[in-house]
Amino acid sequence: MSHASSYEPKTSVTRWLDARLPIVRFIADFMVFPTPRNLNYLWTFGAILAFMLIAQIVTGVILAMHFAPNTALAFDSVEKIMRDVNYGWLMRYAHAVGASMFFLAVYIHMFRGIYYGSYKAPREVLWMIGVAIFLVMMATAFMGYSLIWGQMSFWAVTVITNLFSSLDTLYSGLGTTLVQWIWGGFSVDNATLNRLFSLHYLLPFVLVGLVVLHVWALHVVGSNNPTGVEVKNVEKETLPFYAYFTTKDLFALAAFGVIFAYFVFFTPNYLGDAVNYVPANPLLTPPHIVPEWYFLPFYAILRAVPSKLGGVLAMFGAIVVLFFVPWLDTSRVRSASYRPMFRWFFWAFVFSCLALGYLGAAPVTETSTMASQFFTFYYFAFFLIVMPVVGIYETPKPQPDSIADTFTHKSDDGSGRGARPVAAE
Amino acid sequence: MTTMTSSLVRRSLGAFVIGSVLSATAFSAPASASETAGHYEVPRLEWTFGGLSGYFDKQQLRRGFKVYQTVCQACHNLAHLSYRNLTQPGGPELPKEEVEAYAAQKQVADGFNDAGEVNMRPAKLADLFVGPFKNDKEAAAALNGSVPPDLSLITKARSIERNIEWYAFPFIMLKDILTQYQEQGADYTHALLTGYTDPPADFNLLPGLSYNRVFPGHQIGMPQPLSDGMVEYDDGTPSTLDQQAKDVTAFLAWAAEPSLVERKKLGAWVLIYLIILAGLLYASKKLIWRNVKH
Ligand code: HEM
């Protein structure tokens, strides 16, 4: 729904600028972006994510001013931040808890996309940029966690980088060479920590770039909505982004902030592993090596496959498969609200992800491995079997003819005071 | 029964999403037996520094510091602590002169003298704690191969093992979050210090090690450090083993995070601020949308 520009520069200065760099026009048009009126609060998570990305960058840049990326100093420098830097504890906890909140929000955002079929035409590129964002987010979080250089940091890096050695089974020496190249030496050491820090500082800005593309794509195709029915009448069915959705997003952000602050100030270490308060020791492997909670489902998939290479492929495949979702889903109906069969499979999928999260942290037993295999199977089956097949066999419930149909029965006069719906293109 | 480490509890926020949907019956999580075969379930204690308005009890920290001085410091350092921290508000708040005298017992390297040798001087308030050993090798040589860990983060670096059925898991997780269970390390430390018992009859204890029901593997290199009357308290508090363990644990919890009180105080204001802000924003949203069909 890329809309025609409604901006008219009113002063000579803005006219002058508009002819040279139409930046004010850009912002003005952004602000009146026509947004479906019927969005629910699940659509506020995009704004929450944008805030989280900025918050991570701000706290992260401050932390980097005090952090020492050197194996002999890193752990102590983190403790110095906690104890001797003014409000250093706040910056560190906000950044560490912030990473978790970022993932919490992104998972809700992604499940929302799957439930309402937001990946379907014409939003395929928007979705795929999202998947790219998700990949870069995971890499960034992994590298950030390693910087603390505690026991769990060190061993997580060791275990995860070592996964690449499984490529040796494809071509002898390939994996080992790759791993040594990643490490910058023959073990996880100072060279490794230095590059992890460098990349951890770089990737968030790559994310910023991807988010710009993401929002650009969004502004070309317009937001989907809970009915999954495209906007037909811009005037009746949409509202300008400012002030309707800015206030709604800000309210949601403040509510999300309450949860965020609760964790930062009252349970800042709940989401982390106690073992990471022990400095890294290359000679002592911790009894349980467990990743951060947001990686647990993927870790469970890795462990579910008996062969090492197979596990690695399954783990990466679990993310790569997301890129193909727009073409795997054969249903022409977007929203699961009108898909009686798909809805059940969707909730089973959510349950599987939670179960895999639980299993990813559980000690390996015969039962836990079997359960992991079962849920891993369903994870892939959801995309590769359910999405194509259910779309063909399901009889969808009747969809409303238009978004407006869902609220015209409501009794207010509909004059839309204060609403300045924008003319369509 | 699945034995889950508590680290599991702290991490699966994923299940939190389910848990939060469920009602407050969440709190009736099944109590696990406190001792199953070989597993001692560390109980949750009340600490002054727990909860929304947690603080450190100055007298308790002073007693705890005395325990540290009398017993622990012979083997363990507090490497992340500076001597000046002992005088700061919110901590043991010891008189400056007392801490200066305490610091001066230790020597630190400070540059080079005119002959080019390392210059040693007594430690000052600004210096980090100086430990009993130069390095781990020296500690191991002196202590029969065991290396005593630094204690400045011990109450954050340890957690407890709990037996949790998988179906109870989301509830326990939710309960831990809502009751702010951040004192697992303190509970562990207290339980360890009071956890020296006779080994079970069939237990094969290696020479030089002690049996402890809490320590992973139950064989610990540290002989029982505390016992009734071990430390003489200045404030008349009865010096029982349990009291000493509690006091030194509280002291270590402070040492692990001297900013805890500041954090919780600020946190209360931040929460109040955000809740009011959210309320105002909600009202604005309602106002702006009041005549809009949606
Ligand atoms: C840094 C991370 C991200 C940011 C800042 C971000 C931002 C946004 C924003 C502002 C919107 C519009 C508001 C909304 O619909 O919530 C949006 C929509 C969308 N995002 Fe993201 N996003 C991120 C990650 C992702 C990821 C990981 C995916 C999927 C893999 C994704 C998929 C989508 C889709 C499909 C839409 C359109 C939804 C609809 O209109 O129904 N996004 N995103």
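On a predicted model such as this, the values are computed, not experimentally measured, just so you know.

Cut-offs applied
Residues numbered from 1 in each chain as written. Chains lettered and ligands numbered in written order. Predicted model: local features only at pLDDT ≥ 70, side-chain atom pairs only at ≥ 80, totals over all residues. Heavy atoms only, no water. Helix = DSSP H or I, 4+ residues; strand = E, 2+ residues; numbered from the N terminus. Rg over C-alpha atoms; globule rule 2.2 N^0.38 Å. Buried < 20%, exposed > 50% of the residue type's maximum accessible area, 1.4 Å probe, protein only. Contact = heavy atoms within 4.5 Å. Areas by Shrake-Rupley, 256 points an atom, 1.4 Å probe, with all protein chains shown as cover. Lys, Arg positive; Asp, Glu negative; His and termini not counted. Charge placed at Lys NZ, Arg CZ, Asp CG, Glu CD. Near = heavy atom within 4 Å. Polar contact = N/O pair within 3.5 Å; in protein donor to acceptor, adjacent residues only side chain to side chain. Nonpolar A, V, L, I, M, F, W, Y, C, P; charged D, E, K, R; others polar. Pairing = 2+ DSSP bridges. Salt bridge = Lys/Arg side-chain N within 4 Å of Asp/Glu carboxyl O. Phe/Tyr/Trp six-rings, centres within 6.5 Å; stacked < 30°, edge-to-face > 60°. Lys NZ or Arg CZ within 6 Å of the ring centre and 35° of its normal. Buried area = accessible area lost by both parts, 1.4 Å probe. Axes fitted to C-alpha atoms, helices over the stretch in contact; angles between N-to-C directions. Parallel < 35°, antiparallel > 145°, perpendicular 65-115°, else oblique. Left-handed = near helix turned anticlockwise from the far one by under 90°. Domains from an automatic or database assignment. Patch = residues over 30% accessible without salt bridge, like charges linked within 9 Å, V, L, I, M, F, W, Y side chains within 5 Å. Core = buried A, V, L, I, M, F, W, Y, C linked by side-chain atoms within 4.5 Å.

### Let's talk about the overall build of chain A
The helix and strand inventory of chain A stands at 16 helices and two strands. By the compact-globule yardstick of 22 Å for 425 residues, chain A fits well, its C-alpha radius of gyration being 24 Å. If you line up chain A on its principal axes, its C-alpha atoms span 70 × 60 × 40 Å. For chain A, the proportion of its 425 residues judged to be buried stands at 56%. In chain A, once contacts between residues fewer than 6 apart in sequence are set aside, the share between residues at least 24 apart is 81%. As displayed, chain A offers around 18,800 Å² of accessible surface, 71% of which is attributable to carbon and sulfur atoms. Of the side chains in chain A, 25 bear a positive and 23 a negative charge, and the two mean positions are spaced by 4 Å.

### Remarks on the site of the ligand
All names here are of chain A. The ligand sits among 22 residues. The nearest are His109, Ser118, Gly130, His214 and Asn224. Residue Arg112 places a side-chain N or O atom 3.0 Å away from an oxygen atom belonging to the ligand. One of the backbone N or O atoms of Asn224 is found 2.8 Å from an oxygen atom in the ligand. Looking at the shell around the ligand, the elements that each hand over two or more residues are helix H3 (45-64), helix H5 (88-115), helix H6 (124-147) and helix H9 (190-221). Per-element tally for the shell around the ligand: the top contributor is H6, with six residues. Residues belonging to the shell around the ligand are distributed by class as follows: 14 nonpolar, seven polar and one charged.

### Thoughts on the pairing of strand E4 (residues 107-112) of chain B
One ladder, built from four bridges, connects E4(B) with strand E5 (residues 118-122) of chain B; its direction is antiparallel. Opposite B:Ala109, over in E5(B), you have B:Met120 as the bridge partner.

### Some words on the pattern of salt bridges
All chains considered together, the criterion is met by 20 salt bridges over all chains. Between B:Arg84 and A:Asp84 there is a salt bridge, with its nearest N and O atoms 3.2 Å apart. Separated into two different chains, B:Arg84 in the loop between helix H3 (58-70) and helix H4 (96-103) and A:Asp84 in the loop between helix H4 (74-83) and H5 make up a pair that spans both. The partly exposed category is assigned to B:Arg84, whose relative accessible area is 28%. Under the relative-accessibility criterion, A:Asp84 is labelled partly exposed at 34%. In this structure, the salt-bridge partner of B:Asp127 is B:Arg121, at a minimum N-O distance of 2.9 Å. The exposure classification of B:Asp127 matches that of B:Arg121, with both residues buried. Linked through salt bridges whose partners overlap, the residues forming this network are A:Lys120, A:Asp329, A:Arg339 and A:Glu394.

### What about the packing of aromatic side chains?
This structure, assessed with the given rule, holds 56 aromatic pairs over all chains. Seen from their ring centres, A:Phe30 and A:Phe241 are 6.0 Å apart, and the 90 degrees between their planes marks the pair as edge-to-face. Taken together, the residues A:Phe30 in helix H2 (residues 23-31) and A:Phe241 in helix H11 (residues 241-266) connect sequence positions 211 residues apart. The partly exposed category is assigned to A:Phe30, whose relative accessible area is 29%. Centre to centre, the rings of A:Tyr262 and A:Phe266 are 6.1 Å apart; their planes meet at 45 degrees, and the pair counts as tilted. Taken as a pair, A:Tyr262 and A:Phe266 lie in helix H11 at a separation of four residues, close to a single helical turn. Just as A:Tyr262 is buried, A:Phe266 falls in that class too. Above the plane of the ring of A:Phe342 lies A:Arg339, whose end atom (NZ or CZ) is 4.2 Å from the centre. If you follow B:Arg63 out to its NZ or CZ, it ends over the ring of B:Tyr233, 5.7 Å from the centre.

### Some points on the interface of chain B and chain A
Contacts between the two partners involve 62 residues from chain B and, on the opposite side, 67 residues from chain A. The junction of chain B with chain A conceals about 5,700 Å² of combined surface from both sides, 66% of it contributed by carbon and sulfur atoms. Here chain B is connected to chain A by one salt bridge. Where chain B touches chain A, the interface holds 16 residue pairs in polar contact (both at pLDDT 80 or more). Those elements giving two or more residues to the side of chain B that touches chain A turn out to be strand E1 (3-5), helix H1 (6-11), helix H2 (13-21), helix H6 (154-157), helix H7 (169-178), helix H9 (241-256) and helix H10 (260-288) of chain B. Examining the composition of the side of chain B that touches chain A, we find that 17 residues originate from one element, H10(B), more than from any other. In terms of residue class, the side of chain B that touches chain A is made up of 33 nonpolar, 15 polar and 14 charged.

### Remarks on the environment of A:Phe346
Residues and elements named next belong to chain A. Note that Phe346 resides in helix H15 (residues 340-361). Sequence separation between Phe346 and Tyr115 is 231 residues, and the spatial gap between their C-alpha atoms is 7.0 Å. When sequence neighbours within four positions are dropped, the list of residues in contact with Phe346 reads Phe111, Ile114, Tyr115 and Phe382.

### Quick notes on the packing of H6(A) against H9(A)
Residues and elements named next belong to chain A. Here H6 crosses H9 at 160 degrees, and the two axes come no closer than 8 Å. Relative to H9, the element H6 is oriented roughly antiparallel. Handedness of the H6/H9 crossing: left-handed. When its residues are assigned to classes, the contact of H6 with H9 shows 23 nonpolar, six polar and no charged.

### Remarks on the domain arrangement of chain A
Many authors give the size of an interface as the accessible area that is lost as the parts come together. All names here are of chain A. Here the domain parsing of chain A yields domain 1 (30-146 + 186-277) and domain 2 (290-402). Each of domain 1 and domain 2 was reduced to a C-alpha centroid, and the two centroids are 23 Å apart. Each partner contributes to the interface: domain 1 provides 38 residues, whereas domain 2 provides 34 residues. Around 3,100 Å² of area is buried between domain 1 and domain 2 when both sides are counted, 68% of it from carbon and sulfur atoms. Of all residues in domain 1, the largest losses of buried area upon contact with domain 2 belong to Phe111, Tyr115 and Lys120, amounting jointly to 22% of the total for that side.

### Observations regarding a nonpolar patch on the surface
All names here are of chain A. A contiguous nonpolar patch, built from Leu21, Ile23, Val24, Phe26, Ile27, Met31 and Tyr242 and spanning about 650 Å² of accessible area, is present on the exposed surface. A per-element tally of the nonpolar patch places H2 first, with five residues. Along the chain, Val24 falls in helix H2. Here Val24 falls in the partly exposed class, since its relative accessible area comes to 32%.

### As for the nonpolar core
One broad trend across soluble globular proteins is that nonpolar side chains are buried collectively. Residues A:Phe103, A:Phe134, A:Phe342, A:Tyr379 and A:Phe383 are the most contacted members of the largest nonpolar core, which totals 139 residues. Residue contributions to this core peak at 16 residues, all from H5(A). Residues within four places of A:Tyr379 in sequence aside, it is in contact with A:Phe298, A:Ile301, A:Ala318, A:Val321, A:Phe349, A:Cys353 and A:Leu356. If you look at the next biggest cluster of nonpolar residues, it comprises 39 residues, including B:Tyr68, B:Leu81, B:Leu252 and B:Trp254.

### Concerning the packing of H11(A) against H10(B)
Relative placement of two packed helices is described by the angle separating their axes and the distance separating the axes. Between H11(A) and H10(B), whose axes approach to 8 Å, the crossing angle comes to 160 degrees. With respect to each other, H11(A) and H10(B) are oriented roughly antiparallel. Crossing geometry of H11(A) relative to H10(B) is assigned as left-handed. Class assignment for the residues of the contact of H11(A) with H10(B) results in 23 nonpolar, four polar and four charged.

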